[in-house]
Amino acid sequence: QVQLVESGGGLVQAGGSLRLSCAASGRTFSRYSMGWFRQAPGKERNLVAAITWGGGRIYYANSVKGRCTISRDNAKNTVYLQLNSLKPEDTAVYYCAAAPRTGNLAVNLAEYDYWGQGTQVTVST
């Protein structure tokens, strides 16, 4: 069992930055591919970024490419999402998730078995 706790969300003006953190419990965290998703009101939950267990492969959604960096520190059982040049359309609840069944880059929601409670990111104009 893995428990995930996100932090770092908040209200920021357009053009600003936020760094989201996801702290994971469990000794096998370092073996899991991890991802960040977001869900705006009335919309589907979509993948923002994903990273393999060793950080060697990374995926970014087109909507955040060039403005976003995912990273992980396996010694701290933590995965990060740095968001820069934020836009109002980035407003959403951001979720951290773990994909324990694959050692590959997980880009499909169905591959993720463990989810955090989410952290709200609100970008004002």
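Residues numbered from 1 in each chain as written. Predicted model: local features only at pLDDT ≥ 70, side-chain atom pairs only at ≥ 80, totals over all residues. Heavy atoms only, no water.

## Quick word on the environment of Lys-43
Next, step 1: Examined against the element boundaries, Lys-43 turns out to sit in the loop between strand E4 (33-39) and strand E5 (46-51).
Next, step 2: Owing to a relative accessible area of 59%, Lys-43 belongs among the exposed residues under this scheme. (Helix = DSSP H or I, 4+ residues; strand = E, 2+ residues; numbered from the N terminus. Buried < 20%, exposed > 50% of the residue type's maximum accessible area, 1.4 Å probe, protein only.)

## Comments concerning the state of the cysteines
Next, step 1: In the structure shown here, the tally under the stated rule is one disulfide.
Next, step 2: Disulfide partner of Cys-22: Cys-96, at an S-S distance of 2.1 Å. Here the disulfide of Cys-22 and Cys-96 is left-handed, its torsion about the S-S bond being about -75°. Residue Cys-22 is found in strand E3 (residues 18-24), and its partner Cys-96 is found in strand E9 (residues 92-99); the two are separated by 74 residues along the sequence.
Next, step 3: Not part of a disulfide, Cys-68 finds its nearest cysteine sulfur in Cys-96, a span of 13 Å. (Disulfide = S-S within 2.5 Å.)

## Focus on the sheet that holds E3
Next, step 1: Reading across the sheet, the four strands line up as E1-E3-E8-E7 and stay open at both edges, with antiparallel pairing between neighbours. Looking along the sheet, the strands with just one partner apiece sit at the ends: strand E1 (4-7) and strand E7 (68-73). Here the average twist between neighbouring strands, direction ignored, is 15°.
Next, step 2: Inspection of the sheet shows E1 paired to E3 by four bridges, in the antiparallel sense. When the sheet's bridge partners are listed, Val-5 is paired in E3 with Ala-23. (Pairing = 2+ DSSP bridges. Axes fitted to C-alpha atoms, helices over the stretch in contact; angles between N-to-C directions.)

## Let's talk about the pattern of salt bridges
Next, step 1: According to the stated counting rule, one finds three salt bridges in the structure shown.
Next, step 2: A salt bridge links Asp-90 to Arg-67; the shortest N-O distance between them is 2.8 Å. Residue Asp-90 is located in the loop between strand E8 (78-83) and E9, and its partner Arg-67 is located in the loop between strand E6 (58-60) and E7; the two are separated by 23 residues in the primary sequence.
Next, step 3: Take Arg-67: its relative accessible area is 12%, and that puts it in the buried class.
Next, step 4: The shortest N-O distance in the salt bridge between Arg-101 and Asp-113 comes to 2.7 Å. (Salt bridge = Lys/Arg side-chain N within 4 Å of Asp/Glu carboxyl O.)

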